[in-house]
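So you can see what is in the structure, the chains are spelled out below.
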Amino acid sequence: MAMAPSVFAFPRLVCIFLFFIAIVTAGAAPVSNLGQREEIKRKLMDNGIGLTPQMGWNTWNHFHCDVDEKLIRETADAMVSTGLSKVGYEYINIDDCWAELNRDSMGNLVPKASTFPSGIRALADYVHKKGLKFGLYSNAGTTTCSQSMPGSLGYEEQDAKTFALWGVDYLKYDNCDNSGTSPRERFPKMSKALLETGRPIFFSLCEWGEEDPATWAPGLGNSWRTTDDIVDSWGSMATRADLNDKWASYAGPGGWNDPDMLEVGNGGMTTEEYRSHFSIWALIKAPLLIGCDIRSMDNATFEILSNKEVIDVNQDKLGVQGKKVKKDGELEVWAGPLSGNRVAVILWNRGPIKAELTVFWSDIGLSSSTIVDVRNLWKHKTETSVQGKISAEVESHGCEMYVLSPSGVRH
Ligand code: GAL
């Protein structure tokens, strides 16, 4: 399933990055795939949010249906007390399993009494008081994927009004129990209903990439899943990065490709693998939605999730998704342009043994004479006046991540 970009894909990428040469050497306007983005922008969902990829936390990857209001409150507390909110994480999102199986006599969704006795409104208020935002989940079908609560199909306006009334800032909208009909018929109804509430609600489409949503979802939502569910393993994570890569040109401020939520801290990968996971997600402008228990995360997890320099790449205002630009067996270079005439680069060793990786300026469209300052985002060190290439010994399944800036320019 993994996309293996051939060397023949290279010239096109080189062309894209050739623009970047111009920037670095002549200080011209920064490069991006603006032509296509401008085209898409006119069709973007008009809610004014999602100008950078969403950052926050979601219950599903760690807790699945084992969720209650105490968990949500404690997680909101931890988001602030750990300092994660300070580096940009803002959404506290409940996934599936928060409602009773049956609507009330008026057709309203009912929070599950045994797990959310105080109701959703009270919980959203609690989260808001912490300076955070609150997200909820529903489904464009009759019941949700867990089959434990109703979906919103046929109730889009009513449910959107309920969500707005409760103070919901984010809706993840799933695709189960849909009688085989196209998401292109069902998702626009919720998109419109949310807009009509007048409350800015981040709309996250989750139809698992089945109908190539990158090609139609920018007009409906702020992000769209490009893959089926991630699991907490190296193979699953790396495959999702590859599957997502082909849609890079469709992402940009207001609408993002979503290769699924982070597994960092859940225990199924090594620290090196989690560092690669986080670095690649940042570079490809994926949503940074934490999926572990942040109340009890260890230091290594915190160090990864709170790396502000890596987060800054993800949240860069230019909003251009980085891509795989070179592949030599299992040794890969991923890169993409940033604002301020900079470029982000990852050397990713997907092989089983430590190896030396090199990115030549020609791999990322720079002329060999270009001189840059190289910031290593994991070692937090800068090397000045670098010309031609960067080489590094990279651990198996690990990566090095850099930002290259025009030499002598402070950022
Ligand atoms: C899946 C979705 C997951 C999670 C789950 C809940 O369809 O891809 O991210 O939301 O449903 O049941």
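Everything below is about the structure printed above this text.
Because the structure is a prediction, the values reported are computed rather than measured.

Enquirer: It is not clear to me how the sheet that holds strand E4 (residues 170-174) should be interpreted in this structure. Could you clarify?
Expert: The strands making up a sheet associate through backbone hydrogen bonding, with each pair oriented either parallel or antiparallel. Spatially, eight strands are ordered E7-E6-E5-E4-E3-E2-E1-E8 in an open sheet, and the strand pairing comes out parallel. Two strands bound the open sheet, and with one partner strand each, they are strand E7 (256-258) and strand E8 (288-290). Neighbouring strand axes in the sheet, compared pairwise and without regard to direction, differ in orientation by 25° on average. In the sheet, strand E1 (residues 55-58) pairs with E8 via three bridges, with the strands oriented parallel. Note that in E8 the partner of tryptophan 57 across the bridge is isoleucine 290.

Enquirer: So what exactly am I meant to see when it comes to the packing of aromatic side chains here?
Expert: To describe a pair of aromatic rings, one takes the distance between the centres and the angle between the planes. In this structure the tally under the stated criterion is eleven aromatic pairs. Taking the centre distance of 5.8 Å and the plane angle of 80° together, the rings of tryptophan 234 and tryptophan 348 count as edge-to-face. Placement of tryptophan 234 in helix H8 (residues 234-245) and of tryptophan 348 in strand E11 (residues 342-349) is noted, with a sequence separation of 114 residues between them. Across this residue pair, the class does not change: tryptophan 234 and tryptophan 348 are buried. Judged by centre distance (5.8 Å) and plane angle (55°), the ring pair of tryptophan 247 and tyrosine 250 falls under tilted. Connected via pairs of aromatic rings, a cluster forms that spans Tyr91, Tyr170 and Phe202. Positioned over the ring face of tyrosine 126 is arginine 73, at 5.4 Å from the centre of the ring.

Enquirer: Where do I start with the packing of helix H4 (residues 69-81) against helix H5 (residues 120-129) in this structure?
Expert: A pair of packed helices is characterised by two quantities: the angle between their axes and the separation of those axes. As a packed pair, H4 and H5 sit with axes 9 Å apart at the nearest point and diverge in direction by 10°. One way to sum up the angle between H4 and H5 is to call them roughly parallel. Contacts from Glu69, Ile72, Arg73, Ala76 and Asp77 of H4 reach H5 at Leu123, Tyr126 and Val127.

Enquirer: Would you mind going over the environment of valine 168 with me for this structure?
Expert: Relative to the helices and strands, valine 168 resides in the loop between helix H6 (156-166) and E4. Judged by its relative accessible area of 0%, valine 168 falls in the buried class. Between the C-alpha atom of valine 168 and that of arginine 121, which follows or precedes it by 47 residues, the distance is 8.3 Å. Look past the residues within four positions of valine 168 in its chain and what remains in contact with it is Phe134, Leu136, Phe163, Arg199 and Ile201.

Procedures and definitions
Residues numbered from 1 in each chain as written. Predicted model: local features only at pLDDT ≥ 70, side-chain atom pairs only at ≥ 80, totals over all residues. Heavy atoms only, no water. Pairing = 2+ DSSP bridges. Helix = DSSP H or I, 4+ residues; strand = E, 2+ residues; numbered from the N terminus. Axes fitted to C-alpha atoms, helices over the stretch in contact; angles between N-to-C directions. Phe/Tyr/Trp six-rings, centres within 6.5 Å; stacked < 30°, edge-to-face > 60°. Buried < 20%, exposed > 50% of the residue type's maximum accessible area, 1.4 Å probe, protein only. Lys NZ or Arg CZ within 6 Å of the ring centre and 35° of its normal. Parallel < 35°, antiparallel > 145°, perpendicular 65-115°, else oblique. Contact = heavy atoms within 4.5 Å.

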